[in-house]
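# Secondary and tertiary structure notes
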Amino acid sequence: MAVRARGRQPPAGQVIGWAEDRACNLGVVVYHPDGTSTRLPDLFPGSGEQASDINNDGWVVGRAVQEGPIPFDSVPFLYTPDGGMQDLVALIEPSTLQGWQFLTPQFINDRGDIAGTGLFGGDSRVFVLSSLAAPVREPAMALLSGLGLLGVVAGVRRRQASAASRNRANQADLPVL
């Protein structure tokens, strides 16, 4: 097996690359800091994948070459440890793709935003896909939201207590008949 590694090394220490067997089938390989490696599953049976980037959560982007009527017809992919190997185009709202062809994902950040190149109306363009993953609330934001809610509740109770106190005082000033 010939191994060619390409890509950046994120702080987690994982590096992406691809391995080529004797039949020239490519496959994405993740090399771990402990010296082990993991071959990712193929997107299609008999396809060959080439990875472009990996983020700190182990999400990988690249292209898969599938067998078909068009030689070397490639499909962009997204691999996540939880979701496995997925066709990137299938994850995008169809109306967003109108006019785009030959998407080639190049980079993925730790939020899951993907940047790459493609053809739009026949012209080469850069694209950025964001919001593929649902936003994750940070614990600090939840704490601030909770404190804000407590402040609102305390303010409402204070006003109610003040209003009740004024009503009792007003009733005490009335003459009793």
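All values reported here derive from a predicted model rather than from experimental measurement.

### Things to note about the packing of aromatic side chains
- Per the counting criterion, the structure on display carries two aromatic pairs.
- Both rings, one in W100 and one in F127, keep their centres 6.1 Å apart while their planes meet at 75 degrees; by these two values the pair is edge-to-face. On the criterion of sequence distance, the pair formed by W100 in strand β9 (residues 100–108) and F127 in strand β11 (residues 123–129) is long-range, its members being 27 residues apart.
- Taken together, the ring pairs connect W100, F120 and F127 into an aromatic cluster.

### Describing the environment of G84
- With respect to the secondary-structure elements, G84 resides in strand β8 (residues 84–87).
- A C-alpha to C-alpha distance of 9.6 Å links G84 and D42, two positions 42 residues apart in sequence.
- Setting aside chain neighbours within four positions, we find G84 in contact with L78 and Y79.

### Quick look at the pairing of β9
- As defined by bridge partners, β9 adjoins strand β10 (residues 114–120) across six bridges and the pair is classed as antiparallel. Opposite I108, over in β10, you have I114 as the bridge partner.
- The hairpin formed by β9 and β10 contains five residues between the paired strands, and G112 there has a positive phi angle of roughly 95 degrees.

### Considerations on the pairing of β11
- Bridge count for β10 against β11 is seven bridges, and the pairing is antiparallel. The residue of β11 that forms the bridge with G116 is F127.
- Adjacent in sequence and paired antiparallel, β10 and β11 are bridged by two residues, among which G121 carries a positive phi angle near 60 degrees.

### Quick word on the nonpolar core
- Counting residues in each nonpolar core, the largest one holds 13 residues, and the members touching the most others are L40, V60 and F77.
- At the level of secondary structure, the elements contributing two or more residues to this core comprise β3 (26–31), β5 (48–54), β6 (60–66) and β7 (73–80).
- Among the elements that make up this core, the one with the highest residue count is β7 (three residues).
- Apart from the residues within four sequence positions on either side, V60 is in contact with I16, V28, L40, A51, D53, I54, F77, L78 and Y79.
- With eleven residues, the next largest nonpolar core counts L78, I92, F127 and L129 among its residues.

Basis of the calculations
- Along every chain, residues carry numbers that run from 1 in the direction the sequence is written.
- Side-chain atom pairs in this predicted model are given and counted only at pLDDT of 80 or more, local residue features only at pLDDT of at least 70, and totals for whole chains, interfaces and linings cover all residues.
- With hydrogens and water excluded, all non-hydrogen atoms of the structure serve as input to the side-chain values.
- Note on ring pairs: Phe, Tyr and Trp rings are taken, using the six-membered ring of Trp, and paired if centres are within 6.5 Å. Classes follow the plane angle, with under 30 degrees stacked, over 60 edge-to-face and the rest tilted.
- Strands are runs of DSSP state E lasting at least two residues, helices are runs of H or I lasting at least four, and both sets are numbered from the N terminus onward.
- Here a residue-residue contact requires only that any non-hydrogen atoms of the pair lie within 4.5 Å.
- When DSSP locates at least two bridges between a pair of strands, those strands are taken to pair.
- The set of buried Ala, Val, Leu, Ile, Met, Phe, Trp, Tyr and Cys residues whose side-chain atoms join them within 4.5 Å is what this entry labels a nonpolar core.
- Each residue is assigned to one of three classes by its accessible area relative to the maximum for its type, calculated with a 1.4 Å probe on protein chains only: buried under 20%, partly exposed between the two thresholds, exposed over 50%.

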